[in-house]
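Commentary on secondary and tertiary structure
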Amino acid sequence: MFQKPWNLSGQVYLTTSPDPGNRKVRRLYLTKKMQNRIDALSKCQEQCFALLLDGFTEEERLKLQEFFSRIDENITKSLNHKKHKV
């Protein structure tokens, strides 16, 4: 379930501070605790991809990346098309 940012700031995920250039704006920042979790997740993701792509040549990795980029473009087009139909 999505939570509003101000709810997350009370749960040690985010901190807020006023924007020095515009007092109407508040900037959101990850807490140190959350940044550490994100760093750990990123390291885990890198290890998983290394396992999944073991034995792939550089050319095969690039081709796979190209395929995923095309899939992403197709999804984006489809979502935009549906958005305009509504």
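Calculation notes
- Residues numbered from 1 in each chain as written.
- Predicted model: local features only at pLDDT ≥ 70, side-chain atom pairs only at ≥ 80, totals over all residues.
- Heavy atoms only, no water.
- Helix = DSSP H or I, 4+ residues; strand = E, 2+ residues; numbered from the N terminus.
- Buried < 20%, exposed > 50% of the residue type's maximum accessible area, 1.4 Å probe, protein only.
- Contact = heavy atoms within 4.5 Å.
- Disulfide = S-S within 2.5 Å.
- Salt bridge = Lys/Arg side-chain N within 4 Å of Asp/Glu carboxyl O.
- Polar contact = N/O pair within 3.5 Å; in protein donor to acceptor, adjacent residues only side chain to side chain.

This part takes up the side chain of Thr31. Tracing the backbone shows Thr31 in the loop between strand E2 (22-30) and helix H2 (32-52). Given the relative accessible area of 13%, Thr31 is considered buried. Those residues in contact with Thr31 that lie beyond four places of it in its chain are Val12, Tyr13, Leu14 and Thr15.

On to the state of the cysteines. In a disulfide, the sulfur atoms of two cysteines are covalently bonded to one another. Using the criterion set out here, one finds zero disulfides in the structure. Free cysteine Cys44: the closest other cysteine sulfur is in Cys48, separated by 4.2 Å.

Under the criterion given, the structure shown has two salt bridges. In this structure, Arg27 engages Asp19 in a salt bridge whose closest nitrogen and oxygen atoms are separated by 2.5 Å. Of the residues examined, Arg27 reaches a relative accessible area of 39% and is grouped as partly exposed. Relative accessible area serves as the criterion here: at 13%, Asp19 is assigned to the buried category. Lys63 is the salt-bridge partner of Glu66, the closest N and O atoms lying 3.8 Å from each other. You can see Glu66 and its partner Lys63 sitting in helix H3 (residues 58-85), three residues apart, about one turn around the helix. The exposure class assigned to Glu66 is partly exposed, which follows from its relative accessible area of 36%. Here Lys63 falls in the partly exposed class, since its relative accessible area comes to 40%.

Turning to the side chain of Asp19, a few remarks are in order. Looking at where Asp19 falls in the secondary structure, it is placed in strand E1 (residues 14-19). Among the polar contacts listed, one links the side chain of Asp19 to the backbone nitrogen of Gly21, at a separation of 2.6 Å. Apart from residues lying up to four places away in sequence, Asp19 is in contact with Val25, Arg26 and Arg27.

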